[in-house]
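Coordinate inspection notes
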Amino acid sequence: MIDLSHVQTWVFDMDDTLYPREQGLMRLVQARINAYVVEAVGLNPDEARVLQRQFLDEHGTTLAGLMANYTIDAPHFLHDVHDVPMDSLEPNPALADQLRRLPGRKIVFTNGAREYAGRVLDRLGVADCFDGVFAIEDADLTPKPAPSTFRKVIERFGFEPRLAAFFEDTPKNLEPAKALGMTTVLIGDGHGKPIGDHIDHIAPDLTDFLTDLTFKDAAA
């Protein structure tokens, strides 16, 4: 039985965590990122995809890699690549119910842009379930897994990491959380990346994981 009785602050990544990867929203975002790299750097689409993956692995986001290597307009990038339709996202009232029953505060911690995060949460029907959103602008454009960004979100919301749980679909983004003392939960299969001992729990689906928690397990 999973014991999360100590958790007082619940921190959630957004994309491919609050909703299943199969709904395809991130494929739309990635396509727009690729198109932006093609135009900004002057590569062909295949070369741009390789560079995008390299930046993602080395810097956490394509934006961070572009900023480190090129002169770009970061606000324009964020608006352009997140300007995607939400039609593929399915509202999830069951997730909303499970989030509301969790005692303590709930926070979204995303490498996505603030306006985009608002649109996603509204579409899912969970916007009113959270006490706050920490987006890439709040991190001064320094994405997860930078330890400094984790420290910023902790400072912003004033919580004790040892009394927090962090839910995320990217294994390496759970490493700083674990180092700080958070309970870590990987949602999904880790995208084929190594799953180390910094991950406390693995769940194929967030809604199912939260549903399986009894109120006694989740009580603060």
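Up top is the structure these notes are about.
Now for a description of the structure that goes with this document. Keep in mind the model is a prediction, meaning the values are calculated, not measured. (Residues numbered from 1 in each chain as written. Predicted model: local features only at pLDDT ≥ 70, side-chain atom pairs only at ≥ 80, totals over all residues. Heavy atoms only, no water.)

Notes on the overall build of the protein chain
Scanning the protein chain from terminus to terminus reveals ten helices and six strands. Against the 2.2 N^0.38 benchmark of 17 Å for 220 residues, the protein chain shows a C-alpha radius of gyration of 17 Å, consistent with a compact globule. Overall, the protein chain is about 55 × 35 × 30 Å in size when its C-alpha atoms are taken along their principal axes. Across the protein chain, the fraction of contacts at a sequence separation of at least 24, relative to all contacts at a separation of at least 6, is 65%. (Helix = DSSP H or I, 4+ residues; strand = E, 2+ residues; numbered from the N terminus. Rg over C-alpha atoms; globule rule 2.2 N^0.38 Å. Contact = heavy atoms within 4.5 Å.)

Some remarks on unusual backbone geometry
A cis amide bond links Lys144 to the next residue, Pro145, at an omega of 10°. Within the element layout of this structure, Pro145 appears in the loop between β3 (132-134) and α7 (147-157). One non-glycine residue, Asp140, lies in positive phi territory at about 55°. Considering the arrangement of structural elements, one finds Asp140 in the loop between β3 and α7. The phi dihedral of His191 is positive, around 55°, even though this residue is not glycine. Residue placement: His191 occurs in the loop between β5 (183-187) and β6 (201-203). Take His191: its relative accessible area is 35%, and that puts it in the partly exposed class. (Buried < 20%, exposed > 50% of the residue type's maximum accessible area, 1.4 Å probe, protein only.)

Section: the pairing of β5
With respect to burial, β5 is a largely interior element, five of its five residues being buried. Note that strand β4 (residues 164-168) and β5 share four bridges and pair parallel. By the bridge assignment, Ala165 is partnered in β5 with Thr183. The handedness of the β4 to β5 crossover, carried by helix α8 (residues 171-180), is right-handed. By the bridge criterion, three bridges tie β5 to β6 in an arrangement that is parallel. (Pairing = 2+ DSSP bridges. Right-handed = clockwise from strand over helix to strand, strands pointing away.)

Some remarks on the packing of helix α2 (residues 45-59) against helix α3 (residues 62-69)
The interhelical angle for the contact between α2 and α3, taken along N-to-C directions, is 95°, at an axis separation of 7 Å. Considering the angle they form, α2 stands roughly perpendicular to α3. Touching Gln52, Phe55, Leu56 and His59 of α2 are Thr62, Ala64, Gly65, Leu66, Ala68 and Asn69, all from α3. Classifying every residue of the contact of α2 with α3 by side-chain character gives five nonpolar, five polar and no charged. (Axes fitted to C-alpha atoms, helices over the stretch in contact; angles between N-to-C directions. Parallel < 35°, antiparallel > 145°, perpendicular 65-115°, else oblique. Nonpolar A, V, L, I, M, F, W, Y, C, P; charged D, E, K, R; others polar.)

Description of the packing of aromatic side chains
Counted according to the given criterion, the structure contains nine aromatic pairs. Relative to Phe166, the ring of Phe109 has its centre 5.8 Å away and its plane inclined at 40°; by these criteria the two rings are tilted. Highlighted residues: Phe109 in strand β2 (residues 105-109) and Phe166 in strand β4, separated in sequence by 57 residues. Note on accessibility: Phe109 and Phe166 belong to one class, buried. (Phe/Tyr/Trp six-rings, centres within 6.5 Å; stacked < 30°, edge-to-face > 60°.)

Considering the pairing of β4
Extensive coverage of β4 is indicated by the burial of five of its five residues. Side-chain alternation along β4 places Ala164, Phe166 and Glu168 on one buried face and Ala165 and Phe167 on a second face that is also buried. Here strand β1 (residues 9-12) runs beside β4; their pairing, made up of four bridges, is parallel. Looking at the pairing, Thr9 lines up with Ala164 of β4.

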